[in-house]
Amino acid sequence: LCGLLLPLLPMPDLITSPQNPRIKHLLRLQQKSSERRAQGLTIVEGLRELTIARGAGVPVVTLFVCPELAGSARQQELRALVGGGATEWVEVSRAVFEKVAYREGSDGVLALVQPPQRRLQDLPLPAAPLLLVLEAVEKPGNLGAILRTADAAQATAVIVCDPRTDLYNPNAIRSSIGCIFTVPTVATTRPELLSWCRQHGIQTYAAALTEQAVPYTTCNFCGPTALVMGTEADGLTPELLQACTQSIIIPMRGAIDSLNVSTATAIITFEAVRQRTTSS
């Protein structure tokens, strides 16, 4: 009975053809970052991720729902989640949904949303921010995993220097389980980052194997801190590495000399959290 009191969204005819213009538009957004940037839209698949996005205040423009996959209970949840008004509700057949879905075992929910657009100067900073800085990140999966770490650690923000992937790539959203919306995330350039860090008195710790590097556990991360991570293939650029306050390492005890960047970020981030927790 309660569900009957929810505002009803318009119910168009079921889309059954992948050649439908709405579906072609959706696929272009999914596949091309230029389209996403030009239209200020991205794609969120799954009720869990969409719930997190809505909790962060992200506007939902259009919902694509497969009734066969979503079921009546999930559709009721969706109606409660987005309410009425501005959100368009589009129903599609299972065959069409499986064409546009970008993961297996989807729950029949896919949304076009307007992601936040932030700049460095938009970030509200506490007295001792904890920032995760990624240079030239190119794998959406790594970005997503690091965003999950940032959310779990309640980091102040994630800053991506000279990104090689769209921050709101649907695969990054999927890998982050929606945490791209819970953690303030900004794309910028190396010069802008360094200038901004100096302006705010932020100490920069570069994860890199250098002669000057010290074990990460010997550093004090309780003040304004940025943990700076490079790509797995190339590491940090010399320009950024030289500009950082200190280079740090995670001592390796086995045959390998490095870790996946998302794993390394999590280890160092939670050392910073430990220090801040025990010192408070």
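Everything here concerns the structure above.
Cut-offs applied
Residues numbered from 1 in each chain as written. Predicted model: local features only at pLDDT ≥ 70, side-chain atom pairs only at ≥ 80, totals over all residues. Heavy atoms only, no water. Salt bridge = Lys/Arg side-chain N within 4 Å of Asp/Glu carboxyl O. Helix = DSSP H or I, 4+ residues; strand = E, 2+ residues; numbered from the N terminus. Buried < 20%, exposed > 50% of the residue type's maximum accessible area, 1.4 Å probe, protein only. Lys, Arg positive; Asp, Glu negative; His and termini not counted. 1 Å grid on protein atoms, 1.4 Å probe; cavity = no way out; pocket = protein on both sides within 12 Å on 5 of 7 lines; lining within 4 Å. Points joined across faces, edges and corners; volume = space filled by probe spheres on them. Nonpolar A, V, L, I, M, F, W, Y, C, P; charged D, E, K, R; others polar. Contact = heavy atoms within 4.5 Å. Core = buried A, V, L, I, M, F, W, Y, C linked by side-chain atoms within 4.5 Å. Pairing = 2+ DSSP bridges.

Considerations on the pattern of salt bridges
Thinking step 1. As enumerated under the stated definition, the model contains 9 salt bridges in all.
Thinking step 2. Here Glu68 makes a salt bridge to Arg94, at a shortest N to O gap of 3.1 Å. Placement of the pair is Glu68 in helix H4 (residues 67-82) and Arg94 in helix H5 (residues 94-100), with a sequence separation of 26 residues.
Thinking step 3. Judged by its relative accessible area of 55%, Glu68 falls in the exposed class.
Thinking step 4. Given the relative accessible area of 35%, Arg94 is considered partly exposed.
Thinking step 5. We note a salt bridge from Arg274 to Glu271, for which the minimum N-O separation is 2.9 Å.

Some details on the side chain of Glu91
Thinking step 1. Of note, Glu91 is situated in strand S3 (residues 88-91).
Thinking step 2. One buried charge, Glu91, has no salt-bridge partner; the nearest side chain with opposite charge is Arg79, at 5.1 Å.

So, the layout of surface pockets
Thinking step 1. Put simply, the largest pocket is a space of about 540 Å³.
Thinking step 2. Of all the secondary-structure elements, those providing two or more residues to the lining of the largest pocket are strand S11 (246-249) and helix H10 (261-279).
Thinking step 3. The element that contributes the greatest number of residues to the lining of the largest pocket is H10, accounting for 3 residues.
Thinking step 4. Partitioning the lining of the largest pocket into residue classes produces 15 nonpolar, 4 polar and 3 charged.
Thinking step 5. Computed from the structure, the second largest pocket encloses a volume of approximately 290 Å³.
Thinking step 6. Along the wall of the second largest pocket there are 16 residues; nearest its centre are Arg37, Gln117, Asp166, Leu167 and Tyr168.
Thinking step 7. Those elements that place two or more of their residues in the lining of the second largest pocket are helix H2 (33-39) and strand S7 (185-188).
Thinking step 8. The greatest single-element share of the lining of the second largest pocket, amounting to 3 residues, is contributed by S7.

Comments concerning the side chain of Asn142
Thinking step 1. Following the sequence through the fold, Asn142 ends up in helix H6 (residues 140-153).
Thinking step 2. With residues near it in sequence (within four places) discarded, Asn142 still touches Glu232, Asn260, Val261 and Ser262.

Regarding the nonpolar core
Thinking step 1. The biggest cluster of nonpolar side chains holds 46 residues, and the ones touching the most others in it are Leu50, Leu63 and Phe181.
Thinking step 2. Non-local contacts of Leu50, meaning those with residues more than four positions away in its chain, are made with Val44, Val60, Leu63, Leu78, Leu81, Val109, Ala111 and Val113.
Thinking step 3. Ala157, Ile159, Val186 and Leu240 belong to the second largest nonpolar core, which has 19 residues in total.

Here's the deal with the sheet that holds S7
Thinking step 1. With respect to topology, 7 strands assemble into an open sheet ordered S7-S6-S5-S10-S8-S11-S9, the strand pairing being parallel. Whereas interior strands pair on both sides, the edge strands pair on one side only; in this sheet they are S7 and strand S9 (214-215).
Thinking step 2. Direction of pairing for strand S5 (residues 130-135) relative to strand S10 (residues 225-229): parallel, over a ladder of 5 bridges. Directly across from Leu130, in S10, lies its bridge partner Thr225.

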